[in-house]
Amino acid sequence: MSSRCLASLLIFGVAALTLSACDREERHSRSKPVGETVPAGESPDTIWPGGSVPAALDPRAKLYDNNAPAISQGQQLYMQMNCVGCHFHGGGGMGPPLMDDEWRYGGRIDQIAASIAEGRPNGMPAWRDKLTDDQIWKLAAYVRTMSGQPSKDAVGSRAEGMSTTTPATLAPREPAHSSDTAGQ
Amino acid sequence: MIVRPRAAVLALPFLTGACSYQHYQSIYGNAAAETQQFNTLFIIFLAVCAVMYAAVIAFLIAGIGRRRRSTQANVVEDGRHHESDPAMHVGLRAWAAVVGVGLVGLAIASFFADRSMASAAANEKLSIDLTGNQWWWDVQYNSADASKTLRTANELYLPVGVPVRINLHSNDVIHSFWVPSLAGKQDLIPGRDSDITIVPKKSGIYRGQCAEYCGTQHAHMALVVNVVSYADFIKWWDHQLQPAPAPAAPLTQAGYKYVTTGPCSACHTIGGTPAGGTVGPDLTHLASRRSIAAGTMPMGEGNLYGWVEDPQSVKPGNHMPTIGLEPAQLHAVVAYLETLK
């Protein structure tokens, strides 16, 4: 075997090992054990007085953020649960837009999950008893793709239906307000 | 010892043919006009091709056995082989004629089979919309009278002798409609309409199956087709149009309350109740169906318990989430679902 052939095999092997280390496809078909409610039962704060420390990110966030199956299933739920009816495909209509950098109740994944679970004033219904925790987290993971927050290798490259917006893989990452995200 | 695997291979076609239990799901089934035509066409093709194959093999054997004549050693190289032998000349013409007649015969047989299937499609008497989902079938019976339009799931009822047009759609990926005893296959392609026409000829229960790999639970995407008399069909339709009965017992009332206000109603419709989700199968007459979860399990109390409590252990990856009902809620929900006859 020539050294060139050997080198290409080596590169291929290293690439295969590197790719297998990616966890963008991590699946968990069953939701978390019963009793573990979505975002810990209370809203994470969105405003912190000067100097105080914001609440830590919910540990479950890393199961859903940057997770391709979770994001694509969240995308299906976004259509099925008619989020489109008010928020459109992120552009907003009756409800606020989800593709910009403005977050009234926080743009962190656990804050978005809390907003979906609890509902918010002026029209956003509470979904806690209609969707499971797992589904709410998946929806939150998808909502973050509209402002380009997750990494580009995890988001879906095409919409489920006809789309007039920029594909999620090309969407620019919107800088979120520092007071909302507190460095997250 | 050496013979045994060979015998097993020879027996395989017969064994797979025997798999068809009373033509429940059989590729040799002939319960509809379409499969009858296909089977006839298949036999004609098989007979013509078998005769031609036997003739070719016979000529080959004769050619191998024939002794070369020394005086004609070079006629092949000259390219004047046929001229040197008048019998060969006639034989080649006859052979070409046989091939021509055989092919024309096959084309005619295929044309008539096609034409009779197309005429069935033009005479449709019943229109059904069948939508493929991961991993279940959404069924809608259409009627000129909008109040008679009927939605159900994973089960088709068809009247004997009536041409039925099934319009095929898909909500997610490519599926394929295949009821071996009746018709198919025909693909269901997202964003594109396709259809298939069936004229059922024999009453009975037939099993269909998605025939295009569509994801992790592709194997659990079955469709039950009941072919019944026209009177029974109308009776079934009228029954399915009825809304779900109001729950009477305290247990079923508790189940009704949970199902119509809890997470179930976000995805499922139950006619006559506030539950109006369109994401999952219609449950209005769930307990009247033969199976749960698109043929995954037979309908029954124990299986309903298992399915409602943890669908992800029965059919991992399906889109019904494990909600984690408390025992009291589970008893109530299953008791209520069992009233949906």
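Here is what the cut-offs are and how they apply
Residues numbered from 1 in each chain as written. Chains lettered and ligands numbered in written order. Predicted model: local features only at pLDDT ≥ 70, side-chain atom pairs only at ≥ 80, totals over all residues. Helix = DSSP H or I, 4+ residues; strand = E, 2+ residues; numbered from the N terminus. Buried ≥ 20, exposed ≤ 12 C-beta atoms within 10 Å, placed from the backbone. Contact = placed C-beta atoms within 7 Å. pLDDT = per-residue confidence, 0-100. Pairing = 2+ DSSP bridges. Axes fitted to C-alpha atoms, helices over the stretch in contact; angles between N-to-C directions. Parallel < 35°, antiparallel > 145°, perpendicular 65-115°, else oblique. Nonpolar A, V, L, I, M, F, W, Y, C, P; charged D, E, K, R; others polar.

Trainee: For this particular structure, what's the right way to read the overall build of chain A?
Mentor: What chain A contains, in helices and strands, is 7 helices and 0 strands. Each helix and strand of chain A, placed in order from N terminus to C terminus, yields the pattern α-α-α-α-α-α-α. Taken over 184 residues, chain A has a buried fraction of 35%. Look at the contacts in chain A between residues 6 or more apart in sequence, and 73% of them connect residues 24 or more apart.

Trainee: Any chance you could explain the confidence of the model for chain A here in plain terms?
Mentor: Detailed conclusions should not be drawn from predicted coordinates in areas where pLDDT is low. All names here are of chain A. When pLDDT is averaged along chain A, the result is 78; 73% of the residues meet or exceed 70. The element-level mean pLDDT for chain A is lowest in helix 7 (residues 178–181), coming to 45, with helix 4 (residues 84–87) highest at 92. The low-confidence segment residues 33–37 (pLDDT under 50) makes 3 contacts with residues lying over four places distant or belonging to another chain. Residue range residues 178–184 is modelled with pLDDT below 50. Its contacts to residues more than four positions away, or to other chains, number 12 contacts.

Trainee: Just to check I follow, could you spell out the sheet that holds strand 9 (residues 204–209) of chain B for this structure?
Mentor: Hydrogen bonding along the main chain pairs the strands of a sheet, whether they run parallel or antiparallel. Residue and element names in this part refer to chain B. Strand order across the open sheet formed by 3 strands is 4-10-9, with mixed pairing between neighbours. Each having just a single partner strand, strand 4 (155–159) and strand 9 make up the two edges of the open sheet. Taking the axes of each pair of neighbouring strands and ignoring which way they run, one obtains an average angle of 25° across the sheet. With 6 bridges connecting them, strand 9 and strand 10 (residues 222–228) associate as antiparallel partners. Paired with Gln209 across the two strands is Ala222, which belongs to strand 10. Where helix 6 (residues 230–241) meets the sheet, its contacts fall on strand 4 and strand 10, and the angle it forms with strand 4 comes to roughly 140°.

Trainee: Would you mind showing me how to read the sheet that holds strand 8 (residues 194–198) of chain B here?
Mentor: All names here are of chain B. Taken in spatial order, the 5 strands of this open sheet run 3-2-1-5-8, and their pairing is mixed. Each edge of the sheet is formed by a strand with only one pairing partner; in this case those strands are strand 3 (150–153) and strand 8. Neighbour to neighbour, the strand axes of the sheet diverge by 25° on average, direction disregarded. Across 5 bridges, strand 5 (residues 164–170) lies against strand 8 in antiparallel orientation. Looking across to strand 8, one finds that Leu168 is bridged to Ser194.

Trainee: Just to check I follow, could you spell out unusual backbone geometry for this structure?
Mentor: Excluding glycine, residues mostly have negative phi values, and the peptide bonds linking residues are mostly trans. Note the cis peptide between Gln134(B) and Trp135(B), where omega equals -5°. Here Trp135(B) lies in the loop between strand 1 (126–133) and strand 2 (136–141). Residue Phe88(A) is not a glycine yet carries a positive backbone phi of 55°. Looking at where Phe88(A) falls in the secondary structure, it is placed in the loop between helix 4 and helix 5 (109–118).

Trainee: Even after reading the chapter, I still don't get the packing of helix 7 (residues 250–261) of chain B against helix 11 (residues 327–338) of chain B, so can you show me in this structure?
Mentor: Angle between the axes and distance between the axes are the two parameters that describe a pair of packed helices. Residues and elements named next belong to chain B. Packing of helix 7 against helix 11 brings their axes to within 7 Å, and their N-to-C directions diverge by 95°. In terms of their interaxial angle, helix 7 and helix 11 are classed as roughly perpendicular. Contacts between helix 7 and helix 11 pair Leu251, Thr252, Ala254, Gly255, Tyr256, Tyr258 and Val259 from the former with Gln329, His331, Ala332, Val333, Ala335 and Tyr336 from the latter. Residue composition of the contact of helix 7 with helix 11, grouped by class: 9 nonpolar, 4 polar and no charged.

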